[in-house]
Amino acid sequence: MAINRTLNVSVDFNCVHRPDGGYGGTASYTQTGCMPSNMGTLVDGNGNISLENTPDFDPNLYNESVDILFTLATPAAITPDNTTTQVVWARVNGVGATITVPQGGSASEFQVITSPSSPNLLTIVDNDDDSNTYNYKPAVELPDLGNYYISLDPQIVNKPK
């Protein structure tokens, strides 16, 4: 039975304590592995994913779906406070990621999975069975600060094969 391909991405969140008392920040993304291992480099520092760069795969071993696993590094440094705080994928005040179709239509082919037992892991299952480009908008929460919700910009662009 063919299984999903896998793309592993490490996410570093840089938290900023704004002068108005709120919080914001940016994220950087690093591809840390994939299966099959010959998928190549598909993720840039902004998190954009280029599945169109994947080589053909053995359909006896793998199906078209790709499990994209985003692992959030914690704690996050807070600037300019010179402190740190725990950071998790959003699940209390929002969802870990929203997915939109820039050209219109449904993103129903996706599953966004977060788990209370693994709050730093966000899995997006992409069926990769069409030619649409999708935008992912991840979001994090700061549990030590009342689950303060931060939606990350810019959005991640996922270009299909």
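The text that follows walks through the structure, step by step, so that each part is easy to find. Here the structure is a predicted model, which is why all the values come from computation and not from measurement.

Let us now look at the nonpolar core. Core analysis: the largest hydrophobic core is formed by 36 residues, its most contacted members being Leu7, Phe13, Tyr29, Ile49, Phe70 and Tyr136. Sorting the residues of this core by element identifies strand 1 (3-17), strand 2 (23-35), strand 4 (62-72), strand 5 (76-79), strand 8 (97-100), strand 10 (118-126) and strand 11 (134-142) as the ones contributing at least two each. Looking at this core, the element that brings in the most residues is strand 1, giving 5 residues. Those residues in contact with Phe13 that sit more than four places away from it in its chain are Gly24, Gly25, Thr26, Ala27, Leu72, Ala76, Val87, Val140, Leu142, Ile150 and Leu152.

As a further point, take the environment of Val125. Positionally, Val125 belongs in strand 10. Spatially, the C-alpha atoms of Val125 and Thr71 are 14 Å apart, while their sequence positions differ by 54 residues. With residues near it in sequence (within four places) discarded, Val125 still touches Asn4, Val66, Asp67, Glu109, Phe110, Gln111 and Ile113.

So, on to unusual backbone geometry. Following Met35, the chain continues to Pro36 via a peptide bond in cis, the omega torsion being 5 degrees. For Pro36, the position within the fold is in the loop between strand 2 and strand 3 (49-50). For the bond running from Thr74 to Pro75, omega is 5 degrees, close enough to zero to count as cis. Relative to the elements of secondary structure, Pro75 occurs in the loop between strand 4 and strand 5. Although it is not a glycine, Asn147 sits at a positive phi angle of roughly 55 degrees.

Our focus in this paragraph is the pattern of salt bridges. Counted under the stated rule, the structure contains 2 salt bridges. A salt bridge links Arg18 to Asp20, with the nearest nitrogen and oxygen atoms 3.3 Å apart. Owing to a relative accessible area of 34%, Arg18 belongs among the partly exposed residues under this scheme. Among the residues examined, Asp20 registers a relative accessible area of 61% and is labelled exposed. As a salt-bridge pair, Asp153 and Lys137 come within 2.1 Å of each other at their nearest N and O atoms. Here Asp153 is found in the loop between strand 12 (148-151) and strand 13 (156-159), whereas its partner Lys137 is found in strand 11, with 16 residues between them in sequence.

Okay, the pairing of strand 8 next. Alternating positions in strand 8 separate cleanly, Ala97 and Ile99 being buried on one face and Thr98 and Thr100 remaining unburied on the opposite face. Pairing of strand 8 with strand 11, which is carried by 4 bridges, proceeds in the antiparallel orientation. Counted as the bridge partner of Ile99 is Tyr136 from strand 11.

Reading guide: rules and limits
Residues numbered from 1 in each chain as written. Predicted model: local features only at pLDDT ≥ 70, side-chain atom pairs only at ≥ 80, totals over all residues. Heavy atoms only, no water. Core = buried A, V, L, I, M, F, W, Y, C linked by side-chain atoms within 4.5 Å. Buried < 20%, exposed > 50% of the residue type's maximum accessible area, 1.4 Å probe, protein only. Helix = DSSP H or I, 4+ residues; strand = E, 2+ residues; numbered from the N terminus. Contact = heavy atoms within 4.5 Å. Salt bridge = Lys/Arg side-chain N within 4 Å of Asp/Glu carboxyl O. Pairing = 2+ DSSP bridges.

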